Amino acid sequence: MKINVLLISKHSSNLAAIRGMIDDEDIAVIGQSSGGTDALERIDNLSPDIIIMTLGAGDNDVRSLTERIIFNRPRSHVILLAEYLDVDILQSALSVGAHNVIEFPKSSKDFCEYIKTVYNNESARIESLSGKQSLSWISKVITVYGAKGGIGKTTLAVNLAVKLAESRKKVALVDLDLQFGDANVFLDIVPVDTIFELAQELASPNIDLIRSYMSVHSSGVHVLCAPKSPEYAELITPEKIQSILSQLRTYYDYVIIDTSPSYNDVTITALEASSTILFLTGLDISILKNSKLSLNILRSLQQVNKVKIIVNRAVSIGSITLDDVQKLIDCPIWAKLPSDYKVAVTALNRGVPFVTGAPKSELSQAVSTVASMLLEGTEDVDTLSIKQRKKLGLMNNGRRQTNRR
Ligand SMILES: Nc1ncnc2c1ncn2[C@@H]1O[C@H](COP(=O)(O)OP(=O)(O)OP(=O)(O)O)[C@@H](O)[C@H]1O
Ligand SMILES: [Mg+2]
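This is a predicted model, so every value here is computed, not measured.

S.K.: Please explain the confidence of the model for the protein as it appears in this structure.
M.R.: Caution applies to low-pLDDT regions: their predicted coordinates should not be interpreted in detail. Mean pLDDT over the protein stands at 88; residues scoring 70 or higher make up 90%. Considering each helix and strand of the protein separately, the mean pLDDT is smallest for helix α17 (residues 386-391), with a value of 51, and largest for helix α7 (residues 183-186), with 98. The model gives residues 380-386 a pLDDT under 50, and that stretch makes 18 contacts with residues more than four places away or in other chains. Low confidence marks residues 395-405, where pLDDT is under 50. Its contacts with residues over four positions away, or in another chain, come to 27 contacts.

See below:
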């Protein structure tokens, strides 16, 4: 969905300059006005999502128009641009209820990102006021883990993050596969900074500092990429990871963590900081053997109650069934993802997650269902609705799955 923007300024040079700064496929400038009655009519006719106005000292007309919009058109969100952002300008904006006030943008990319953030935040606020949104606002940390390399951890982490961001959630993706993390490849991101550069900061990083080291994906997901070279991994301490994760929780609705398949201090830190562990397994005996061992370790770390088992590449070509998986690992299956090599590999090679590149594919639908269950907070296998269980293909096991943990 495009964000429709209306520009208002009495200076045509400002209008042209702002227009020139908006270059993003998700944002459309649908009109402009020099202010006064013309501006009111355009707002009425166009119902823009965002109204960008310039504000200078003594611009009382802009202040009163802002106030009228905030009171009467709460779904059109105002952004005020000031030449210089001093205390007087800021106070004059705040006094009429405007809180999205910035200096004239210097970079088109940052400006477009700012517009999207304002739109997402303000829309979420309006929705929660009208009671349509879940009241849950506590951040969730979701670690995607699996006891073997190549099991699909990054595939799920990336697609899940993008899917959650589609629901206007603030989503961070943290690549904690510190040696060989490739979440950036799945998203076609070439990071300037990574978690390694962030970890070199001496003090405990605050959220603004952390965000300045993250890459922004077009879906809105903010990505803290893995180091550019494997040898940097050992320079990143679990304490640093812990403090980064706890800061991320203060800002993002969802923090999705991708991991390496080994149990190291960093992975354990992530697992302990998580509210949910999405534990990937598969239908082959070697994966199942490792999964069982791994779940035993999680049990001894007292983390097993957070585990949701997801069977990836769940095709019944072999002799192992979902029932066998449950028996072998002694844990209920929470979800399953179909095998679709073409969709998965095309997405990876193009750097476009399949939930956006191939949204109708069965694989995307399955990830979407997982995202919906997380959004709805349906995280206990026994509380899944019949519809959800049917969607996940968990209805044909012949018996009710009991939680034996
Ligand atoms: N459901 C699926 N169907 C078909 N192919 C899949 C599926 N899930 C993942 N793949 C493919 O399997 C390969 C490995 O996936 P991925 O990189 O996500 O695994 P990983 O667990 O992160 O691996 P590593 O431990 O090396 O980081 C990729 O080529 C991916 O496209
Ligand atoms: Mg991976």
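S.K.: Whenever I open this one, the packing of helix α2 (residues 36-46) against helix α3 (residues 60-72) confuses me. Can you help?
M.R.: Geometrically, a packed helix pair is captured by the angle between its two axes and the distance between the axes. Where α2 contacts α3, the axes come no closer than 12 Å and their chain directions differ by 20°. Accordingly, the angle class assigned to the pair α2 and α3 is roughly parallel. Two packed elements cross with a definite hand, and for α2 against α3 that hand is right-handed. Residues A39, L40 and I43 of α2 form the contact with α3, whose own contacting residues are L65, R68 and I69. Among the residues forming the contact of α2 with α3, the class breakdown is 5 nonpolar, no polar and 1 charged.

S.K.: Honestly, the pattern of salt bridges in this entry has me stumped. Any pointers?
M.R.: Pairing is possible between side chains of opposite charge, provided their charged atoms come close. Throughout the structure, instances matching the rule amount to 8 salt bridges. With a shortest N-O distance of 3.3 Å, D61 and K10 are connected by a salt bridge. You can see D61 sitting in helix α3 and its partner K10 sitting in the loop between β1 (3-8) and α1 (12-21), a full 51 residues away along the chain. Judged by relative accessible area, D61 falls into the partly exposed class, the value being 44%. Here the salt bridges share partners, and the residues they tie into one network are K10, D59 and D61.

S.K.: Honestly, the site of ligand 1 in this entry has me stumped. Any pointers?
M.R.: Near ligand 1 there are 20 residues, and of these K153, T154, T155, N312 and R313 occur at the shortest range. In this structure, T155 approaches ligand 1 through a side-chain N or O atom, which is 2.5 Å from an oxygen atom. In this structure, D340 approaches ligand 1 through a main-chain N or O atom, which is 2.9 Å from a nitrogen atom. Isolated, ligand 1 exposes 640 Å² of accessible area, and the fraction of that covered by the protein chains is 83%. Going through the elements one at a time, α6 (153-166) and α14 (341-350) are the ones with two or more residues in the shell around ligand 1. Looking at the shell around ligand 1, the element that brings in the most residues is α14, giving 4 residues. Per-class residue counts for the shell around ligand 1 are 9 nonpolar, 7 polar and 4 charged.

S.K.: Any chance you could explain the pairing of strand β12 (residues 307-311) here in plain terms?
M.R.: Taken residue by residue, a regular strand's side chains alternate between the two faces of the sheet. Most of β12 is tucked away, with 5 of its 5 residues classed as buried. Both faces of β12 are covered, namely the face carrying V307, I309 and V311 and the face carrying K308 and I310. Pairing analysis gives 5 bridges linking strand β11 (residues 276-281) to β12, with the strands arranged parallel. Bridge assignment links L280 to a residue of β12, and that residue is I310.

S.K.: Where do I start with the sheet that holds strand β2 (residues 27-33) in this structure?
M.R.: Note: strands within a sheet are paired through backbone hydrogen bonds, in either parallel or antiparallel orientation. Pairing is parallel across the open sheet formed by 5 strands, whose spatial order is β2-β1-β3-β4-β5. Each edge of the sheet is formed by a strand with only one pairing partner; in this case those strands are β2 and β5 (101-103). Each adjacent strand pair in this sheet contributes to an overall mean axis angle of 25°, direction not counted. Strand direction decides the pairing type here: strand β4 (residues 77-82) and β5, joined by 3 bridges, are parallel. Each residue of the ladder has a partner; that of L80, found in β5, is V101. Against the sheet, α1 engages β1, β2, β3 (50-55) and β4, with an angle of about 175° to β2. Set on the sheet, helix α5 (residues 108-129) makes contact with β1, β2, β3, β4 and β5; between it and β4 the angle comes to about 145°.

S.K.: What is the right way to look at unusual backbone geometry in this model?
M.R.: Most of the time, phi is negative for any residue but glycine, and the peptide bond is trans. The phi dihedral of S47 falls on the positive side, at around 40°, and the residue is not glycine. Its place among the elements puts S47 in the loop between α2 and β3. Under the relative-accessibility criterion, S47 is labelled partly exposed at 41%. In this structure, Q302 takes a positive phi of about 60° despite not being glycine.

S.K.: Just to check I follow, could you spell out the layout of surface pockets for this structure?
M.R.: One way to see where empty space is left: roll a probe the size of a water molecule over the atoms. Of the pockets and cavities examined, the largest pocket occupies roughly 850 Å³. Of all the secondary-structure elements, those providing two or more residues to the lining of the largest pocket are α5 and α6. Residues of the lining of the largest pocket, tallied by class, amount to 13 nonpolar, 10 polar and 10 charged. The residues that make up the lining of the largest pocket include at least three from each of domain 1 (3-128) and domain 2 (140-391). Quantified by volume, the second largest pocket comes out at close to 610 Å³. Lining the second largest pocket are 24 residues, with K109, D110, E113, Y114 and V216 positioned closest to its centre. Mapped onto the lining of the second largest pocket, the elements with two or more residues apiece are α5 and β8 (215-216). Broken down by class, the residue content of the lining of the second largest pocket amounts to 10 nonpolar, 6 polar and 8 charged. Each of domain 1 (3-128) and domain 2 (140-391) contributes no fewer than three residues to the lining of the second largest pocket.

S.K.: Teacher, can you tell me more about α6 here?
M.R.: The periodicity of an α-helix, 3.6 residues per turn, causes residues three or four places apart in sequence to face the same way. Between the first and last C-alpha of α6 there are 20 Å, a value that for 14 residues agrees with the 20 Å anticipated at 1.5 Å per step. Of all the 14 residues making up α6, 12 are buried; the element is thus mostly covered by neighbouring parts of the structure. Within the sequence span of α6, burial applies to K153, T154, L156, A157, V158, N159, L160, A161, V162, K163, L164 and A165. R168, located one to two residues past α6, shows a positive phi value of around 60°.

What counts as what
Residues numbered from 1 in each chain as written. Chains lettered and ligands numbered in written order. Predicted model: local features only at pLDDT ≥ 70, side-chain atom pairs only at ≥ 80, totals over all residues. Heavy atoms only, no water. pLDDT = per-residue confidence, 0-100. Helix = DSSP H or I, 4+ residues; strand = E, 2+ residues; numbered from the N terminus. Contact = heavy atoms within 4.5 Å. Axes fitted to C-alpha atoms, helices over the stretch in contact; angles between N-to-C directions. Parallel < 35°, antiparallel > 145°, perpendicular 65-115°, else oblique. Left-handed = near helix turned anticlockwise from the far one by under 90°. Nonpolar A, V, L, I, M, F, W, Y, C, P; charged D, E, K, R; others polar. Salt bridge = Lys/Arg side-chain N within 4 Å of Asp/Glu carboxyl O. Buried < 20%, exposed > 50% of the residue type's maximum accessible area, 1.4 Å probe, protein only. Near = heavy atom within 4 Å. Polar contact = N/O pair within 3.5 Å; in protein donor to acceptor, adjacent residues only side chain to side chain. Areas by Shrake-Rupley, 256 points an atom, 1.4 Å probe, with all protein chains shown as cover. Pairing = 2+ DSSP bridges. 1 Å grid on protein atoms, 1.4 Å probe; cavity = no way out; pocket = protein on both sides within 12 Å on 5 of 7 lines; lining within 4 Å. Points joined across faces, edges and corners; volume = space filled by probe spheres on them. Domains from an automatic or database assignment. Expected span 1.5 Å × (residues − 1).

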